[in-house]
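# Survey of secondary and tertiary structure
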Amino acid sequence: MFLGFLLILDINAVNALENASNPNLIIIDDMRTLNGWNMLPDGNKSSVEISLARDGLNLSYDIRETSSWVDIYKDINFAKIIESAGVSGIGKFIFYYEGDGSPNSFELKLEYKDGATFGYKRNTGTNTNGTLDSFYLNPWQITYWWGGTGHISGETINFDKVEKMRFAVSNDPKRDAFGKGYVIIKQVTAETIPLPLPW
C-alpha cells in the first residue's frame, strides 16, 4: 500500500523526501526547460517531439519500423558540475520518469568528448502505465557501447569525462512493440562521493 502511494506522489514531493534523507544528492539537470535539448530521429520515418509536462521533459515518440529509434541530447559538462559541488565524484546516477503507449526500450547514453558512448538500456521500459519509475544506476551498470578511441567492451563510465547526455527510445524486434508513446523524464540527480578528509 505504501509503495503504491509513493508511485503516485508528485515528483516534487519525491525529490523533497530524497533530498531530506540524502544530503549528498546534486542536480545534473532539472528537466524543466527545453533550452539546450536537441532532437534526432533515425531517418526511418520515426519521429520525436519534446515539450514540458508534469514537472519534466516530455519525449513523445512514434517508432514506425522495427529496430528504429529516436534520440534527444544536450551538452552537459559533468566535470564542472562535480567541481562546483565540491565533491570527488558521482557514485550513483538517478532520475525518475513515467511513460505510456507502445512499449519500447528506454536508453540512457552518456558521451565523452572523443565521441565514446556509454549507456544503459531497459527493454520495454517506456511504458510504466503513467506511474513513476526510476533509474538508480551505479557506475558499473553504465558501460561502453561504441565510438571514441582506445575503449574496450565492458569498460565502465567515468563521469568526469561526460560532456553530453542523451535519452533514446529504440525498438528491439524481439521484445518491443513499435508505435506511439511518451516518456516524461523528471529531475536528473546524482549521489556524490565526498572529498576525502584532509588528514
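I will try to describe carefully the structure that is included in this document. As the structure is a computational prediction, the values presented were derived from the model and not from experiment.

## Things to note about the environment of Pro103
Examined against the element boundaries, Pro103 turns out to sit in the loop between β6 (89-101) and β7 (105-112). In the structure, Pro103 is positioned 74 residues away from Ala177 in sequence and 5.7 Å away in space, judged by C-alpha atoms. Those residues in contact with Pro103 that lie beyond four places of it in its chain are Thr124, Thr126, Asn127, Asp176 and Ala177.

## Brief notes about the environment of Tyr144
Within the secondary structure, Tyr144 sits in strand β10 (residues 143-146). Expressed as a C-alpha distance, the spacing of Tyr144 and Thr117, which sit 27 residues apart in the sequence, is 6.0 Å. Not counting residues within four places of it along the chain, the set of residues in contact with Tyr144 comprises Ala116, Thr117, Phe118, His151, Ile152, Ser153 and Glu155. At a separation of 2.6 Å, a polar atom in the side chain of Tyr144 contacts the main-chain carbonyl oxygen of Gly147.

What counts as what
Residues numbered from 1 in each chain as written. Predicted model: local features only at pLDDT ≥ 70, side-chain atom pairs only at ≥ 80, totals over all residues. Heavy atoms only, no water. Helix = DSSP H or I, 4+ residues; strand = E, 2+ residues; numbered from the N terminus. Contact = heavy atoms within 4.5 Å. Polar contact = N/O pair within 3.5 Å; in protein donor to acceptor, adjacent residues only side chain to side chain.

The analysis is restricted to geometry; functional conclusions fall outside its scope.
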